[in-house]
Amino acid sequence: MSIQPLPLKLDLTQLAVGDYCFAGVVDPRPMDRIADRATVAGPIDVQLQVAIGKQVGTAEILVTGQIHAQATMQCERCLGNVHVRLASDFELTVVDSEEAADALPMDITPVVAERGQLSVLTLVEDELILALPIVAVHEKENCSGTDWTTSYQKPHPMAALAKLKDQQDK
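Computed from a prediction, not measured in an experiment: that's the story for all the values here. (Residues numbered from 1 in each chain as written. Predicted model: local features only at pLDDT ≥ 70, side-chain atom pairs only at ≥ 80, totals over all residues. Heavy atoms only, no water.)

Asks: Kindly report on the overall build of the chain, identifying the contributing residues and their values.
Replies: A tally of regular secondary structure across the chain gives 3 helices and 8 strands. Compactness check: the chain gives a C-alpha radius of gyration of 25 Å against a globular reference of 15 Å for 170 residues, more than 25% above the reference. With respect to the three principal axes, the spread of C-alpha positions in the chain is 95 × 35 × 25 Å. Burial analysis of the chain (170 residues in total) assigns 31% to the buried set. Distance between charge centroids for the chain: 13 Å, based on 13 positive and 24 negative side chains. (Helix = DSSP H or I, 4+ residues; strand = E, 2+ residues; numbered from the N terminus. Rg over C-alpha atoms; globule rule 2.2 N^0.38 Å. Buried < 20%, exposed > 50% of the residue type's maximum accessible area, 1.4 Å probe, protein only. Lys, Arg positive; Asp, Glu negative; His and termini not counted. Charge placed at Lys NZ, Arg CZ, Asp CG, Glu CD.)

Right, dumping it as structure tokens:
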């Protein structure tokens, strides 16, 4: 199986039964949905394997791959920039509609390719969004947001009852 350059759109109807491997880089600039969460720095390394098999009466298409990128997000502690490494390994089954995706078992992850057209750019952006950390923070020793203190002393929850008891005892 030879490695082919990565297209921005895969026409799955033009591929025969077999295995295909695509590798290349994707420019993050057209990715609008991830832009409000992170700034992807530099090109995104992508490897895709497409396996087209012939089942009884239907063709099953499986897309597996790996994505690697660097991104900058806002640290939730200090509000500074934190650099995160994004990586995703995925295995998706290609379907042609949302209804077909809903009909799949829960352990199979679908990707919709309407009329056999799979948008590699959308697929990469989806996987990068899923690879983002839920909370982006620096390591504790590298974060300026961990060195603050407060003079507030939280009162003991039973202090009011103790005060009432003392008043009652007098």
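Asks: Outline the pattern of salt bridges, supporting the account with residue identities and numerical values.
Replies: Applying the stated criterion across every chain, the model contains 5 salt bridges. Each of the salt bridges in this network shares a partner with another, and the network as a whole consists of Arg33, Glu125 and Asp126. (Salt bridge = Lys/Arg side-chain N within 4 Å of Asp/Glu carboxyl O.)

Asks: Quick one: what's the story with the side chain of Glu125, residue by residue and with numbers?
Replies: Here Glu125 lies in helix 2 (residues 120–131). For Glu125, a relative accessible area of 7% puts it in the buried group. Contacts of Glu125, omitting those with residues within four sequence positions, involve Met31, Asp32, Arg33 and Ile34. (Contact = heavy atoms within 4.5 Å.)

Asks: Outline the environment of Ala160, listing residues and values.
Replies: Relative to the helices and strands, Ala160 resides in helix 3 (residues 159–169). Remark: the alpha-carbon pair of Ala160 and Asp107, spanning 53 residues in sequence, is separated by 54 Å.

Asks: Give me the lowdown on the side chain of Thr72, citing residues and values where you can.
Replies: In this structure, Thr72 sits in strand 5 (residues 59–74). A distance of 3.2 Å separates polar atoms of two side chains, one belonging to Thr72 and the other to His83. The residues contacting Thr72, other than those within four sequence positions of it, are Ala38, Thr39, Asn81, Val82 and His83. (Polar contact = N/O pair within 3.5 Å; in protein donor to acceptor, adjacent residues only side chain to side chain.)

Asks: Any chance you could break down the nonpolar core for me, citing the residues and the numbers?
Replies: Membership of the largest hydrophobic core comes to 38 residues, with the highest contact counts inside it found for Ile44, Leu48, Val50, Val124 and Leu128. Put simply, the parts of the chain that give this core at least two residues each are strand 3 (18–26), strand 4 (39–54), strand 5, strand 6 (81–95) and helix 2. Ignoring anything within four residues of it in the chain, the contact list for Ile44 reads Gly24, Val25, Val26, Pro28, Met31, Ile67, His68, Ala69, Val124 and Leu128. (Core = buried A, V, L, I, M, F, W, Y, C linked by side-chain atoms within 4.5 Å.)

Asks: Just give me the short version of helix 2, but keep the residues and values in it.
Replies: In an α-helix there are 3.6 residues to a turn, and that puts residues three or four apart on one side. With 12 residues, helix 2 extends 16 Å between its outermost C-alpha atoms, agreeing within 8% with the 16 Å of an ideal straight helix rising 1.5 Å per residue. Along helix 2, the residues classified as buried are Val120, Leu123, Val124, Glu125, Glu127 and Leu128. (Expected span 1.5 Å × (residues − 1).)

Asks: If you had to explain unusual backbone geometry to someone new, which residues and values would you point to?
Replies: Here the phi dihedral of Leu79 falls at roughly 65 degrees; this positive angle occurs in a residue that is not glycine. The exposure class assigned to Leu79 is exposed, which follows from its relative accessible area of 56%.

Asks: Account for the environment of Leu123, naming residues and giving values.
Replies: Position of Leu123 among the secondary structure elements: in helix 2. Between the C-alpha atom of Leu123 and that of Leu8, which follows or precedes it by 115 residues, the distance is 9.8 Å. Apart from the residues within four sequence positions on either side, Leu123 is in contact with Leu48, Val63, Phe90, Leu92 and Val111.

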